[in-house]
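# Fold and geometry: a report
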Amino acid sequence: MHIPDGYLGPETYGSFWAATLALWYLAGRKLKKTLKATDAPLLALGAAASFVVMMFNVPIVGGTTGHATGATLLAVVLGPWAAFICMSIALAVQALLFGDGGITTYGANCFNMAFAGVFAGWAAYRLLAGSCASASKKRLLFAAGSGAYFGINVAAFLTAIELGIQPILERGADGKPLYNPFPLKITIPAIMAGHLTLFGFAEAAFTVLSIAYIIKSHPELICGTIAGNRAGEKQQ
Amino acid sequence: MAEKNKNQKNLDSRFPVWLLEKQGQPQTGVPERKKFRSGLMLDRTLKAALSFVEDAFFNEKTAARNGFLQRVEPRAKMVIIFSLLVSLSLQHSLPGMLRFVVLGFFLAVLSRIPLNIYLKRLLPGVLLTTAVALPASLGALVPGEPIFTIITFKKDLWLLGHSIYISRQGLFSALALMARVTGSITIVLLAGFTTRPPELIKAVNFFIPGFLRTVFSMSYRYMFFLVKRLEEFILARRARGGAYTGQAGLDRKWVGSRAASLLIISLELKKELKFAMEARGAGDEVREAGLPAFRFGLYEALFLALAAGTVII
């Protein structure tokens, strides 16, 4: 789902850089209200965990594997704004040091995976889990799994749209596409087929099993965001 | 032969019978094929973790070489590289894009980056893009003026029309995508190969405001800590050969629990780090050691001139 450099035209990647910069500013302001400077390790470790979680290969079917993004998992444990920042940092390290995902397309990748993927997953989770304190374990797990499935598919759909609009937006004088040449009728089925049938379910299973483990071993981490976790620390 | 039998007898008398019995693979009741698939999941995860450490180590090694880009100030280098990427994205002609590929290789040679390693990092992205881009040359996907007809049908077929042909516009699009992606990767890789990772992080940090700057620089250090833990999880599981279940459900459960463990470890560690920072008097602002004062000397000017020359020619 990482869009490399060269697939998006300047108008598209420029717009996404602008949108992502605005979102980071907003995230910074939101987090400043709940976090102190000494809470920086929380986000730094969250970013590191996000990076490492993306290394996990999840068994799918027939011996194939796909890698998890952990977007909804992070949103449930850290809160959506913190998860957005953490995933953005993980994506930056991947792009800068290992060439995984582009630099010009970094804004679009952050918007798709770190913002839309996280917030869509989080919104679905909150909608289905209802009041977290009174929800049963099964309901929480169902909500987390559905959120993960929805989140990764929203991110994939946005990726498909951004790639698919390139032949409309960026054409040469004789009508030749200058960037990604495939239209929406190809990018949407090509990207969504795998995510709706395989990767979405793998992400959901990964999130459900991780949340189940956390509920079993550290239940105080669920039903809270950073503010919730801090309240938990004070009680200890 | 007689000598060999004598040695074997001596050996047999010194060791208990159970130790001399031939041992097979641990018996788990799981078919070999399934064990292989399960092992594949662990292998791929372990490979990802090891390649992270290996790549970071190799970047440190090449960044320490006495090459051209290694002498360029990291912040100046990042700004010029980003400008090159933007300029490449604005190119509309194939020769214009290929100039950036040539520049990338030229700088790699000047910076004493081993070309085999450089190509090894470059190839996966290029091959993937080639596989993605080539179908675009077909008229069915990017319609246009036919330059070569592969096959003609007697009647129109769904999606394909009456023939499969390569269109001029499609071929240009496919080649342009390949050239643009190859040029971008050759240039981006230079940053990683010629700058020590902590310096690269600090250079990027220069452009990040306030609180997030501290978070970004800290996160890279913790990545190594967590990758090390991930390696330990996998090696511990591999050491218990019988732990290969071969059942995707149980393997997924293992993956889920280990990912959750890493998150829990992170949150536990965060408490200790927070106390340590507070004990050292960290207040509302955490000061991070940055790069030395910015300089723009001969090497920075040369790099800028090379980059500008490539864009302008």
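Everything here concerns the structure above.
Read on for a plain summary of the structure. (Residues numbered from 1 in each chain as written. Chains lettered and ligands numbered in written order. Predicted model: local features only at pLDDT ≥ 70, side-chain atom pairs only at ≥ 80, totals over all residues. Heavy atoms only, no water.)

Turning our eyes to something else, we now look at the overall build of chain B. Across its full length, chain B carries eleven helices and two strands. Reading chain B from its N terminus to its C terminus gives the helix and strand order α-α-α-α-α-α-β-β-α-α-α-α-α. Burial statistics for chain B: of 313 residues in total, 45% are counted as buried. In chain B, the share of contacts with a sequence separation of at least 24, taken over all contacts with a separation of at least 6, comes to 74%. Of the roughly 17,100 Å² of accessible surface on chain B, a fraction of 64% belongs to carbon and sulfur atoms. (Helix = DSSP H or I, 4+ residues; strand = E, 2+ residues; numbered from the N terminus. Buried < 20%, exposed > 50% of the residue type's maximum accessible area, 1.4 Å probe, protein only. Contact = heavy atoms within 4.5 Å. Areas by Shrake-Rupley, 256 points an atom, 1.4 Å probe, with all protein chains shown as cover.)

This part is about the overall build of chain A. Helix and strand content of chain A: nine helices and two strands. Shown N-terminal to C-terminal, the secondary structure of chain A runs as helices and strands in the order α-α-β-β-α-α-α-α-α-α-α. Looking at chain A residue by residue over its 236 residues, the buried ones come to 65%. Carbon together with sulfur atoms contributes 67% to the accessible area of chain A, which is approximately 8,300 Å² in total.

Taken together, the 82 residues of chain B in the interface contact 69 residues of chain A. Between chain B and chain A lies a buried interface of about 6,800 Å² when both sides are counted; carbon and sulfur atoms form 77% of it. The largest share of the area that chain B buries against chain A comes from Phe211, Arg252 and Leu263 of chain B, three residues that together contribute 10% of it. Where chain B meets chain A, there are zero salt bridges. Looking at the side of chain B that touches chain A, the elements that each hand over two or more residues are helix 3 (32-63), helix 4 (74-90), helix 6 (115-133), helix 7 (168-194), helix 8 (197-205), helix 9 (210-239) and helix 10 (248-279) of chain B. The element best represented in the side of chain B that touches chain A is helix 10 of chain B, accounting for 24 residues. (Buried area = accessible area lost by both parts, 1.4 Å probe. Salt bridge = Lys/Arg side-chain N within 4 Å of Asp/Glu carboxyl O.)

This part takes up the packing of helix 5 (residues 94-110) of chain B against helix 6 of chain B. All names here are of chain B. In contact at an axis separation of 10 Å, helix 5 and helix 6 are set at 140° when each is read in the N-to-C sense. The handedness of the crossing between helix 5 and helix 6 is right-handed. Contacts from Gly104, Phe105, Ala108 and Val109 in helix 5 reach Leu115, Tyr118, Leu119 and Leu122 in helix 6. (Axes fitted to C-alpha atoms, helices over the stretch in contact; angles between N-to-C directions. Left-handed = near helix turned anticlockwise from the far one by under 90°.)

A word on a nonpolar patch on the surface. All names here are of chain B. Residues Ile147, Phe148, Ile150, Ile151, Leu171 and Leu175 make up a contiguous nonpolar surface patch of about 510 Å² in total accessible area. The element contributing the most residues to the nonpolar patch is strand 1 (residues 146-157), with four residues. In this structure, Phe148 sits in strand 1. (Patch = residues over 30% accessible without salt bridge, like charges linked within 9 Å, V, L, I, M, F, W, Y side chains within 5 Å.)

This brings us to a positive patch on the surface. A surface patch of like charges, here positive, comprises Lys61, Arg65, Arg71 and Arg112 of chain B. Its location among the elements puts Arg71 of chain B in the loop between helix 3 and helix 4. (Lys, Arg positive; Asp, Glu negative; His and termini not counted. Charge placed at Lys NZ, Arg CZ, Asp CG, Glu CD.)

This part covers the side chain of Thr207 of chain A. Relative to the assigned elements, Thr207 of chain A resides in helix 8 (residues 184-217). Setting aside residues no more than four positions away along its own chain, Thr207 of chain A makes contact with Thr72, Leu73, Ala144 and Ala148 of chain A.

We now examine the packing of helix 4 (residues 80-98) of chain A against helix 5 (residues 106-129) of chain A. Residue and element names in this part refer to chain A. As a packed pair, helix 4 and helix 5 sit with axes 9 Å apart at the nearest point and diverge in direction by 150°. By the angle between their axes, helix 4 is roughly antiparallel relative to helix 5. Regarding helix 4 and helix 5, the two cross each other, and that crossing is right-handed. For the pair formed by helix 4 and helix 5, the contact residues are Pro80, Trp81, Ala83, Phe84, Met87, Ser88, Ile89, Leu91 and Ala92 on the first element and Tyr106, Asn109, Cys110, Met113, Ala114, Phe115, Val118, Phe119 and Trp122 on the second. Of the residues assigned to the contact of helix 4 with helix 5, the class counts are 16 nonpolar, two polar and no charged. (Parallel < 35°, antiparallel > 145°, perpendicular 65-115°, else oblique. Nonpolar A, V, L, I, M, F, W, Y, C, P; charged D, E, K, R; others polar.)

Here we take up the packing of aromatic side chains. Overall, the coordinates contain 21 aromatic pairs over all chains when judged by the stated rule. Taking 5.4 Å as the distance between ring centres and 40° as the angle between the ring planes, the aromatic pair formed by Phe111 of chain A and Phe115 of chain A counts as tilted. You can see Phe111 of chain A and its partner Phe115 of chain A sitting in helix 5, four residues apart, about one turn around the helix. On the basis of relative accessible area, Phe115 of chain A is assigned to the buried category, the value being 18%. The structure contains a cluster of three or more aromatic residues connected by ring pairs, namely Phe16, Trp81, Phe84, Phe111, Phe115 and Phe119 of chain A. Across the ring face of Phe206 of chain B, the terminal group of Arg75 of chain B is positioned such that the distance to the ring centre comes to 5.1 Å. Just above the ring of Phe233 of chain B sits the side chain of Arg258 of chain B; from NZ or CZ to the centre is 5.1 Å. (Phe/Tyr/Trp six-rings, centres within 6.5 Å; stacked < 30°, edge-to-face > 60°. Lys NZ or Arg CZ within 6 Å of the ring centre and 35° of its normal.)

This part takes up the nonpolar core. By size, the foremost hydrophobic cluster in this structure holds 153 residues, and its most contacted members are Leu43, Phe51, Phe84, Tyr125 and Ile222 of chain A together with Phe216 and Phe303 of chain B. In terms of residue count, helix 4 of chain A provides more of this core than any other element does, 16 residues in total. Domain assignment of the residues forming this core places at least three in each of domain 1 (32-51 + 209-290) and domain 2 (72-135 + 168-206 + 291-313) of chain B. Leave out the neighbours within four places in its chain, and Phe84 of chain A touches Leu23, Trp24, Ala27, Cys110, Ala114, Phe115, Val118 and Phe119 of chain A. (Core = buried A, V, L, I, M, F, W, Y, C linked by side-chain atoms within 4.5 Å. Domains from an automatic or database assignment.)

Given a rise of 1.5 Å per residue, 14 residues ought to cover 20 Å, and the 20 Å separating the end C-alpha atoms of helix 2 (residues 40-53) of chain A matches this to within 8%. With 14 of 14 residues buried, helix 2 of chain A lies mostly within the body of the structure. (Expected span 1.5 Å × (residues − 1).)

Looking now at helix 5 of chain A. Residue and element names in this part refer to chain A. Relative to the 34 Å expected for 24 residues at 1.5 Å per residue, helix 5 spans 32 Å between its end C-alpha atoms, a close match to the ideal helical length. Along helix 5, the sharpest kink reaches roughly 30°, centred on Ala116. Burial analysis of helix 5 places 20 of its 24 residues in the buried class, which makes it a mostly covered element. (Bend = angle between axes of the 7 residues up to and from the residue.)

A word on the environment of His67 of chain A. Note that His67 of chain A resides in strand 2 (residues 65-67). Along the primary structure His67 of chain A and Met54 of chain A are separated by 13 residues, whereas in three dimensions their C-alpha atoms are 6.0 Å apart.

Honestly, that's just the spatial picture; any functional story needs more than this.
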